[in-house]
Amino acid sequence: VQLQASGGGVVQAGDSLRLSCAASGLTLSSYAMGWFRQAPGKEREFVAAISPGSSRTYYADSVKGRFTISRDNTKNTVYLQMNSLKPEDTAVYYCGADRFSGSIGREQWRYDYWGQGTLVTVSS
């Protein structure tokens, strides 16, 4: 199983970015997917999650209304659209795959596989 996150970069506050997470070696439609991030000197934290069929999404309060998680199971890819970026969004962003048990959540123990991360830097 491999999760390949991409799309990070250096942007200014207020800009947008779209992250992608391409999955291989698993049937994505059987997995809930999540995005997490880790800022320098901080622990990894939950950002967003989506159920296998996209019927449910869940966001951290800090990104609600600015970020949108989506997926295309035909392309085995999950996305994170990030708008109105702030300097505090600066972090390495990771995607995770959760072998779906009926619920989605923010707990890291749920996720069976992780990608390698992509760096997002937001300058003020």
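Because the structure is predicted, anything quoted here is derived from the model rather than measured.

Trainee: Tell me about the sheet that holds strand β8 (residues 77-82), and name the residues and values.
Mentor: Pairing is antiparallel across the open sheet formed by 4 strands, whose spatial order is β1-β3-β8-β7. Of all the strands in the sheet, just β1 (2-6) and β7 (67-72) have a single pairing partner and so form its edges. Between one strand and the next, the sheet's axes are offset by a mean angle of 15 degrees, whatever the strand orientation. Judged from the 6 bridges that link them, strand β3 (residues 17-24) and β8 form a sheet pairing that is antiparallel. By the bridge assignment for β8, Leu-17 is matched with Met-82.

Trainee: Account for the state of the cysteines, with residues named and values stated.
Mentor: Going through the model one piece at a time under the given rule, you end up with 1 disulfide. Cys-21 shares a disulfide with Cys-95; S-S distance 2.1 Å. Disulfide Cys-21-Cys-95: the torsion about the S-S bond is 65 degrees, which places it as right-handed. Separated by 74 residues along the polypeptide, Cys-21 in strand β3 and Cys-95 in strand β9 (residues 91-99) bring together distant segments of the chain.

Trainee: Can you break down the pairing of β7 residue by residue, with the values?
Mentor: Consecutive residues of a regular strand have side chains that alternate between opposite faces of the sheet. Only one face of β7 is buried, namely the one carrying Phe-67, Ile-69 and Arg-71, since none of Thr-68, Ser-70 and Asp-72 on the opposite face is buried. The pairing of β7 with β8 spans 6 bridges and is antiparallel. When the bridges of β8 are listed, Ile-69 appears paired with Leu-80. Hairpin connection of β7 to β8: 4 residues between the antiparallel strands, including Asn-76 at a positive phi of 55 degrees.

Cut-off values and rules
- Residues numbered from 1 in each chain as written.
- Predicted model: local features only at pLDDT ≥ 70, side-chain atom pairs only at ≥ 80, totals over all residues.
- Heavy atoms only, no water.
- Pairing = 2+ DSSP bridges.
- Helix = DSSP H or I, 4+ residues; strand = E, 2+ residues; numbered from the N terminus.
- Axes fitted to C-alpha atoms, helices over the stretch in contact; angles between N-to-C directions.
- Disulfide = S-S within 2.5 Å.
- Buried < 20%, exposed > 50% of the residue type's maximum accessible area, 1.4 Å probe, protein only.

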